[in-house]
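Observations on the model geometry
Residue strings, one per chain:
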Amino acid sequence: MSIKDIQTQLGITADGAWGNQSQAALEKSLNAGIQIKLSNNIYLSEVIASRTALKNRIDNTPNGIILQHLTESAENLWQKVRELLGVPMLITSGYRCPKLNKLAGGVPTSAHQHGYAIDFHAPAFGSPAKIVEFLKHEMPKHGLAFDQIIIEFPSSPNAWVHLAYKNANGQQRGRALQIGG
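Since we're looking at a predicted model, the values are computed, not measured.

**Looking at unusual backbone geometry**
Of note, the phi angle at arginine 57 is positive, near 55 degrees, even though the residue is not glycine. Non-glycine residue phenylalanine 153 carries a positive phi angle of around 55 degrees. Inspection of the secondary structure puts phenylalanine 153 in the loop between strand 3 (148-152) and strand 4 (160-164).

Below is the structure:
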């Protein structure tokens, strides 16, 4: 998907330029519950949803630059990972505006703030540890460039997978990590 594709889904002129009209149409569509595709299986609503944002009345609507990062990440990595797994990914965290990122305890350089990262589970595939082990071997075989794949708190029943397409500086370091015990 591209910005033009998003504009088409919003029912406005698809010129690829993101301005006030596009932003207003995006906000109106999100408020109306309209599903906006970022890729075949990934929707904008799931990568911006946040209970913390709702509870604290934080507007987590992405701007045009973040939306471009989200579509790029969805098309070039997240959708392809979903296809490798062969099962749905349940996204628990995606884009976080700076205020939301701070409230969520994210680091100031978090890729989430730039629309480059998601946290997810795929219960039909297996545990987060199994997912990370599988993906760290399969992604290179399929030429999938990424910044980080992290299993976070693997011994916890609430463990998750963090998958970042790029970091805050636009780099793709190809790192597989574990955070926490």
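So much for the structure itself; the text now carries on.
**A closer look at the nonpolar core**
Side chains of nonpolar character tend, in soluble globular proteins, to be buried together. The biggest cluster of nonpolar side chains holds 49 residues, and the ones touching the most others in it are Leu44, Val47, Val81, Leu85, Phe120 and Met139. Within the residue set of this core, elements represented by two or more residues are helix 1 (3-10), helix 2 (20-31), helix 3 (44-48), helix 5 (64-85), strand 2 (117-121), helix 7 (128-141), strand 3 and strand 4. With nine residues, helix 5 is the single largest residue contributor to this core. Sequence-distant contacts of leucine 85, defined by excluding residues within four places in its chain, comprise Phe120, Ala122, Phe125, Ile131, Phe134 and Leu135.

**With respect to the packing of aromatic side chains**
Summed over all chains, the structure comprises two aromatic pairs. When the centroid spacing of 5.0 Å and the interplanar angle of 50 degrees are considered together, the rings of phenylalanine 125 and phenylalanine 134 count as tilted. The class for phenylalanine 134 is partly exposed, based on a relative accessible area of 25%. Residues phenylalanine 153 and tryptophan 160 carry aromatic rings whose centres are separated by 5.7 Å and whose planes lie at 50 degrees to one another, so their mutual orientation is tilted. Judged by its relative accessible area of 23%, tryptophan 160 is partly exposed.

Criteria and thresholds
Residues numbered from 1 in each chain as written. Predicted model: local features only at pLDDT ≥ 70, side-chain atom pairs only at ≥ 80, totals over all residues. Heavy atoms only, no water. Helix = DSSP H or I, 4+ residues; strand = E, 2+ residues; numbered from the N terminus. Core = buried A, V, L, I, M, F, W, Y, C linked by side-chain atoms within 4.5 Å. Buried < 20%, exposed > 50% of the residue type's maximum accessible area, 1.4 Å probe, protein only. Contact = heavy atoms within 4.5 Å. Phe/Tyr/Trp six-rings, centres within 6.5 Å; stacked < 30°, edge-to-face > 60°.

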